[in-house]
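Fold and contact review
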Amino acid sequence: KKLEVGENSFLRTTSRKLETSTTRVSIFQKLTESLVASLLGLLLIIVAPCLIWYNEEQHVKELARIRFCKNKAIVIDCDSPTADTEGC
């Protein structure tokens, strides 16, 4: 029910009709839906750790690249250029 404020009354209640429909489903259709949902869930349980493993592997490789570049990088002072650093 919905309450409305009107000019003549303090509170007036109104209701709306709800339409419902039902469909019949056999036990085999229910079992099929349940089996499909269960197989999909099992597939996700198997695939999700593999995807997480792959993502973590890529992250570790990227960290190794960053560490390598950080150790091999040479800092160049731009305020006092030399012949070696000209054009950088």
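Position numbers for residues start from 1 in each chain and track the written sequence from start to end. The predicted nature of this model means local features are confined to residues of pLDDT at least 70 and side-chain atom pairs, given and counted, to a pLDDT of 80 or more, with totals for whole chains, interfaces and linings taken over all residues. The side-chain quantities take in all heavy atoms of the structure and omit both hydrogens and water.

**Quick notes on the overall build of the chain**
Within the chain, the secondary structure is distributed over one helix and two strands. Helix and strand definitions here come from DSSP, where helices need a minimum of 4 consecutive H or I residues and strands a minimum of 2 consecutive E residues; each element is numbered from the N-terminal end. For the chain, the α and β elements follow one another from N to C terminus as β-β-α. Here the chain holds 88 residues, and 1% of them are scored as buried. In this description, accessible areas are obtained by the Shrake-Rupley approach with a 1.4 Å probe, and a residue is regarded as covered only by the protein chains that are shown. Approximately 9,300 Å² of the chain is accessible, and the part contributed by carbon and sulfur atoms is 61%. The cut-offs for exposure are 20% and 50% of the maximum accessible area for each residue type, with area from a 1.4 Å probe on protein chains only; residues under the lower value are buried, those over the upper are exposed, and the others partly exposed.

**A few points about the pattern of salt bridges**
Between Lys or Arg on one side and Asp or Glu on the other, a salt bridge is scored when a side-chain nitrogen of the former is within 4 Å of a carboxyl oxygen of the latter. In this structure the tally under the stated criterion is two salt bridges. Between K61 and E57 there is a salt bridge, with the nearest N and O atoms lying 3.6 Å from each other. With K61 and E57 both in helix α1 (residues 27-72) and four residues apart, this pair spans about one turn of that helix. Note that R65 and E62 form a salt bridge whose closest N and O atoms lie 2.8 Å from each other.

**Section: a nonpolar patch on the surface**
Residues enter patches when they are more than 30% accessible in relative terms and free of salt bridges; like-charged ones are connected within 9 Å and nonpolar ones (Val, Leu, Ile, Met, Phe, Trp, Tyr) within 5 Å. A grouping of L35, L39, L40, L42, L43, L44, I46, V47 and L51 is seen on the molecular surface, where their side chains present a nonpolar patch of about 880 Å² in accessible area. Following the sequence through the fold, I46 ends up in helix α1.

**A look at the confidence of the model for the chain**
The predictor reports its confidence for every residue as pLDDT, a score running from 0 up to 100. On average, residues of the chain carry a pLDDT of 81, and 75% of them reach 70 or more. No element of the chain has a lower mean pLDDT than strand β1 (residues 2-4), at 52, and none a higher one than α1, at 95.

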